[in-house]
Each structure stands twice: as structure tokens, then as C-alpha cells.
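# Examining the three-dimensional arrangement
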Amino acid sequence: MKVRQVYRPQAACVSPADSLRDAARKMRSSGQSCLPVLDGSSLTGIITERALVEAAASGVPPSQVSVADYSHDGSVTVSLEDDCVSAELKMLAIGCRNLPVMDCGRLVGTVSMRDVRLKAAALATAANRRDGWPYEPDPGVDAES
């Protein structure tokens, strides 16, 4: 399975100078759990819900702190043609749950561990049903006899 099959096309991004409040509002309005951080057209990082929680727990005023202070490095990315297992291994290796997705050097979206696992589970369930699992007895057979 390829990243192309599970990624989320990007609708919203933030800049390093945006405030955490701006980032939180964009996450809420877009329904995204992470936002790529773009400086012009260059990917510089990614800001996640987890980073917003860290900032809130430390007591910083979200309107006075920039995204750059809490964003994670954006140098680890995946491409549309990468295998999902490779994407998952990258996320595990660096301890994150989201990665930017690039195509021909341009940001096209994000992929999350959840996206990958849900698609893998859906495919496995469909394959198992084709193979007759879970076992469903013949409706004409009494299970008690």
C-alpha cells in the first residue's frame, strides 16, 4: 500500500511567525490534527496538537508564542510513492505520529500513523472476509445441535 492511498491532501498551513493561537484556530477550522509550517514555499516543520498541549501545559500565552518555538523539524518527509510500512517506520523511529507528504519537492499533504493503520485494518478486514473469516455458519444449521 502506498502513501498516495492514505494521505490527507493539505488544505491549511501556518508560517513560523504565526502564533500558537493562529495554529490552533486553523487546526480547528480545517479539522486537521497537524499543520505543516511553511516559510514561503519551503517546509520548515510541522506543528501538532501534542505541541499545542505542551505549550498550554507550560503556561505560555498562545497569542504571544510563535509556531517556530513549538514546531517539529520538517526534514523527515515521505513521498506519495513511498510504501506505508516505510512511512510508519519513519514515524516510529523519530517518535512522531504525523509526517509531511511531498511530491516533486512540493508539499501536498500529511499522513498520520492513524491514517496508515486504519487503511491497513480496512484492507485486512476486507481480505479476511473474502477468505471466509470471520467464520459465519450456514443460516440453516442449528449451532446448538
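In what follows, the accompanying structure is described. Everything quoted here is computed from the prediction, not taken from an experiment. For every chain, the first residue of the written sequence is number 1, and numbering continues from 1 onward in sequence order. Under the rules for a predicted model, residues below a pLDDT of 70 receive no local features and side-chain atom pairs below 80 are neither given nor counted, while totals for whole chains, interfaces and linings still include all residues. Only hydrogens and water are set aside; all other atoms, that is, all heavy atoms of the structure, feed into the side-chain values.

### Overview of the pairing of strand β3 (residues 42–48)
Note on pairing: two strands pair once DSSP finds at least 2 bridges between them. Helix and strand definitions follow DSSP, with helices as H or I runs of at least four residues and strands as E runs of at least two, each counted in order from the N terminus. One ladder, built from six bridges, connects strand β2 (residues 34–39) with β3; its direction is antiparallel. If you follow Val-37 over to β3, its bridge partner there is Gly-45. Two elements, β3 and strand β4 (residues 72–73), share two bridges in a ladder whose sense is antiparallel. In the sheet register, Gly-45 faces β4, and the bridge partner there is Asp-73.

### Focus: the sheet that holds strand β6 (residues 98–103)
Taken in spatial order, the four strands make up an open sheet running β1-β7-β6-β5, and their pairing is mixed. Among the strands making up the open sheet, the edge pair consists of β1 (8–9) and β5 (78–79). In this sheet, strand β7 (residues 106–112) lies alongside β6 in antiparallel orientation, the contact comprising six bridges. From the neighbouring strand, Asp-103 faces β7, where its bridge partner is Arg-106. Contacting β5, β6 and β7, helix α3 (residues 84–94) runs over the sheet at an angle of about 135° to β6. Contact between two residues is taken to exist if any of their heavy atoms lie within 4.5 Å; hydrogens are not considered. Interaxial angles span 0 to 180 degrees and are taken between N-to-C directions of axes, which are lines fitted to C-alpha atoms, for helices over the stretch in contact.

### Observations concerning the pattern of salt bridges
A carboxyl oxygen of Asp or Glu within 4 Å of a side-chain nitrogen of Lys or Arg is what we treat as a salt bridge. Here the structure, examined in full by the defined rule, presents three salt bridges. Across the pair Arg-117 and Glu-88 runs a salt bridge whose closest N-O atoms are separated by 3.2 Å. One end of the pair, Arg-117, is in helix α4 (residues 113–130); the other, Glu-88, is in helix α3, with 29 residues separating them in the sequence. Exposed residues in this analysis have more than 50% of their type's maximum accessible area, buried residues have under 20%, and partly exposed residues fall in between, with area computed by a 1.4 Å probe over protein chains only. Given the relative accessible area of 43%, Arg-117 is considered partly exposed.

### Concerning a nonpolar patch on the surface
Patch definition: residues above 30% relative accessible area lacking any salt bridge, with like charges linked at up to 9 Å and the nonpolar side chains Val, Leu, Ile, Met, Phe, Trp and Tyr linked at up to 5 Å. All accessible-area figures derive from a Shrake-Rupley calculation using a 1.4 Å probe, and residue coverage is judged against the displayed protein chains alone. A cluster of nonpolar side chains, Val-85, Leu-89 and Leu-92, forms an exposed patch at the surface whose accessible area comes to about 310 Å². Structurally, Leu-89 can be placed in helix α3.

### Details of the packing of helix α1 (residues 20–30) against helix α2 (residues 49–57)
At a minimum axis distance of 11 Å, the contact between α1 and α2 shows a crossing angle of 140°. If you check the angle between α1 and α2, you find them oblique. Judged by the sense of rotation from one axis to the other, the crossing of α1 with α2 is left-handed. Seen from α1, the contacting residues are Leu-20, Ala-24 and Met-27; seen from α2, they are Glu-49, Leu-52 and Ala-55. Any angle between 65 and 115 degrees counts as roughly perpendicular, while under 35 counts as roughly parallel, over 145 as roughly antiparallel, and the rest as oblique. Throughout, a crossing is termed right-handed when the near helix is turned clockwise from the far one, and left-handed when it is turned anticlockwise from it by less than a right angle.

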